[in-house]
Amino acid sequence: MTQGPLTTETGAPVADNQNSETAGVGGPVLVQDQLLLEKLAHFNRERIPERVVHARGAGAYGTFTVTADVTPYTRAAFLSEVGKETETFLRFSTVAGNLGAADAVRDPRGFSLKFYTEEGNYDLVGNNTPVFFIKDAIKFPDFIHTQKRDPYTGSTEMDNVWDFWSLSPESTHQVTWLFGDRGIPASYRHMDGFGSHTYQWNNEAGDAFWVKYHFKADQGIKNLTQAEADRLAGEDPDSHQRDLREAIERGDFPSWTVGVQIMPVAEAATYRFNPFDLTKVWPHADYPIVWFGKLELNRNPENIFAEVEQSIFSPAHFVPGIGPSPDKMLQGRLFAYGDAHRYRVGINADQLPVNCPHATVARTNSRDGHLYDGRHKGAKNYEPNSFGGPFQTDRALWQPVAVSGVTGESAAPSHAEDDDFVQAGNLYRLMTDAEKERLIGNLAGALSGVSREDIVERAIDNFRQADGDFGKRLEAAVQALRG
C-alpha cells in the first residue's frame, strides 16, 4: 500500500479516524457519518460464515426471576412484580478466537442474554468485564484487526496487539483487567457478567435513570493461571463448553444474582467521570448496586448449530422502559450487531426458533427474503391500513435525551477525573501482592514477544502513568525476559 492520507473505500480523504460524528459534544452518533457506517458494515462482512468476533461460544436456556421491586425505575413488564419469571437464553463466548479455537485462553468473555418477554425480546449484550478497550465504535474494526490474524503472516502478531494498545491509552484499564487473574476464567459458570455499557431505564411517570447491569456468579469466581490454561487448552479445547453442558445435565444449575447501579439522569452532566465512557466504571461507593433478580440456567440446547450458532443478539433489541444512552460504543453497536446478523444468518434470522419472541408474536410488514416462511399469509404489508393490520402505539420505548451544539467528529466530553489511567491505577492498587505479581508476569510474558523496543516502552509508559510501582515492576520484568 502506498503512503498517503487514509481514505474511504471510494478514495475520499478521512479527516478524523478517532471520533465518530455526533449531535453536539456528548450527543448521539449521526447516521450521516458515512465513514463510521462504511467501516462497521465492511468489518461485519470480512468473514463468512462464522461470527467475526465471538465465534467460539456455548449457550443454555434459563429463567430470570424478579426478587425486588424496581418499578420506581422502569416500566418494563418483565420487571413489573416480585416473583415474576421470564424465559431466557444466554450465550457465552470468547472474543478473538475462531470457531475451532480453544476455550481456556486469555480473552474477554461475551455474556449475551436474551429475555423472551411479553413485550418482545430484550437483548442485553455484555461481557465478563465491566469495561472495554476503546470508547468509540469507529475504532472497533481497527482494534479487532490487531487481535485477529495478520493479513501477511496469517498469525496473531504481538507487535500489532501492543502497537494498538500502546497508541490507545484508553485501553490501559481493560488491559489491566485482561492480564489479571480474571483474564482466564476457569469456566463459564465461575465468572461474573456485566452489561458494561450505560443504559436508560424509565418508569411509568416518565422519569429516566442511567443504569449499569451486574451479574454476580453464585458459584463464586474461579480462574486459571496462564500455565494451567496453556495445559488445558491443549488437552481439552472444549473445556468450558463441556463444563457448562455437563453441569446442567447433572442438575447443577449455574445462577447469577442480578443488579443495577442507578444514576438519576440529572447527575450525569456533573459526575466526576463521563458516565457513558465504556473504559470507565462507576465506583460502587458513588452508586451502590441495587440487587433485583436471579438468573438460572437449567436447559441445554438440543442442537448447537440451530440454537447457539444461529442465535443472534443485538443491543438495539429493547422493550418499553429500557433504552440506549449516548455511549459512543453502544451507539455504534446498535447498528453493527443487526447488520452482522442480517449478513451472517439472513434477513429473517429474527424468526428462527431460538431468536423469535416466545411470549408474544412479532407483527411486522416485512416480507420475503432468504428463508421467508410465508407466516403473514395474505395480510396487508403496509401501515396504516384499514384491514385490521398492526398499528403504532404512539409511546416511545425510552425517554428522549436533550442534545445541543453543532454536528461534527467530536471526542466525548471530558469530566473532572476523565483521564485514561486513573481507574487502571485504582484497579492495580486494589490487588494483593500475589495478584500484582501474576499480573506483572502475564503482561511481561506478552510484551516480551514484541519485536520493537519503542512499542514496548510506550506500552510500559501507559502502565507507569497508571501507577508508578506498576510501571517500574513491569519494566524490570520485561527486561529480565528480554535479556
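That block above? That's the structure.
Residues numbered from 1 in each chain as written. Predicted model: local features only at pLDDT ≥ 70, side-chain atom pairs only at ≥ 80, totals over all residues. Heavy atoms only, no water.

Trainee: When you look at the pattern of salt bridges in this model, what are you seeing that I'm missing?
Mentor: Proximity of charged atoms lets side chains of opposite charge pair with each other. Within the structure shown, the criterion is met by 36 salt bridges. Residue K84 pairs with E118 through a salt bridge whose shortest N-O separation is 2.4 Å. Remark: E118 occurs in the loop between β4 (109-117) and β5 (120-127) and K84 occurs in the loop between β2 (57-66) and β3 (85-94); sequence separation between them is 34 residues. With a relative accessible area of 32%, E118 lands in the partly exposed category. Between E246 and R245 there is a salt bridge, and its shortest N-O distance comes to 4.0 Å. The class for R245 is partly exposed, based on a relative accessible area of 36%. Members of the salt-bridge network, linked through shared partners, are K135, D277, K280 and D420. (Salt bridge = Lys/Arg side-chain N within 4 Å of Asp/Glu carboxyl O. Helix = DSSP H or I, 4+ residues; strand = E, 2+ residues; numbered from the N terminus. Buried < 20%, exposed > 50% of the residue type's maximum accessible area, 1.4 Å probe, protein only.)

Trainee: Help me understand the side chain of T86 in this model?
Mentor: Here T86 is to be found in strand β3. Taking relative accessible area as the criterion, T86 reaches 4% and is therefore assigned buried. If we ignore the near neighbours within four places in the chain, the residues touching T86 are G62, T63, F64, F78, F115, Y116 and T117. (Contact = heavy atoms within 4.5 Å.)

Trainee: Can you help me understand the packing of aromatic side chains in this one?
Mentor: Pairs of aromatic rings are described using the distance from one ring centre to the other and the angle between the two planes. Summed over all chains, the structure comprises 37 aromatic pairs. Ring centres 6.2 Å apart and planes at 65° place the aromatic pair F64 and F78 in the edge-to-face group. Residue F64 is found in strand β2, and its partner F78 is found in the loop between β2 and β3; the two are separated by 14 residues along the sequence. Aromatic pair F78 and F115: ring centres 4.9 Å apart, planes at 40°, arrangement tilted. Of this pair, F78 sits in the loop between β2 and β3 while F115 sits in strand β4; the two residues are 37 residues apart in sequence, bridging distant segments of the chain. Looking at F115, the relative accessible area reads 4%, which means it is buried. Among the aromatic residues, ring-to-ring pairing joins F43, F132, F133, F140, F143, W162, F164, W165, F179, Y428, F463 and F470 into one connected group. Looking at K380, its charged tip hangs above the ring of F387, at a distance of 4.6 Å from the centre. (Phe/Tyr/Trp six-rings, centres within 6.5 Å; stacked < 30°, edge-to-face > 60°. Lys NZ or Arg CZ within 6 Å of the ring centre and 35° of its normal.)

Trainee: Help me understand empty space enclosed by the protein, please; the structure alone is not making it clear to me.
Mentor: Using a probe with the size of a water molecule, rolled over the atoms, empty space left in the structure can be pinpointed. The tally for this structure, following the rule as stated, stands at six cavities of 30 Å³ or more. Reported here for the largest cavity is a volume of approximately 420 Å³. Around the largest cavity, the lining is made up of 28 residues, and of these V53, H54, Y337, A340 and H341 lie nearest the centre. Secondary structure elements with two or more residues in the lining of the largest cavity: α1 (34-44), β3, β4, β5 and α8 (328-344). Of the residues forming the lining of the largest cavity, the biggest block, nine residues, is contributed by α8. A breakdown of the residues in the lining of the largest cavity according to their chemical character gives 14 nonpolar, eight polar and six charged. Considering only enclosed or pocket space, the second largest cavity measures out at about 160 Å³ in volume. If you list the elements that add at least two residues to the lining of the second largest cavity, you get β5 and α8. (1 Å grid on protein atoms, 1.4 Å probe; cavity = no way out; pocket = protein on both sides within 12 Å on 5 of 7 lines; lining within 4 Å. Points joined across faces, edges and corners; volume = space filled by probe spheres on them. Nonpolar A, V, L, I, M, F, W, Y, C, P; charged D, E, K, R; others polar.)

Trainee: How should the nonpolar core be read in this particular structure?
Mentor: Most often, soluble globular proteins keep nonpolar side chains buried together rather than apart. Counting residues in each nonpolar core, the largest one holds 50 residues, and the members touching the most others are F140, F143, W162, W165, F179, L443 and L474. Not counting chain neighbours up to four residues away, the residues in contact with F140 comprise F43, V53, F132, I134 and M329. Within the second largest apolar cluster, 37 residues are counted, among which are V70, A76, I248 and V319. (Core = buried A, V, L, I, M, F, W, Y, C linked by side-chain atoms within 4.5 Å.)

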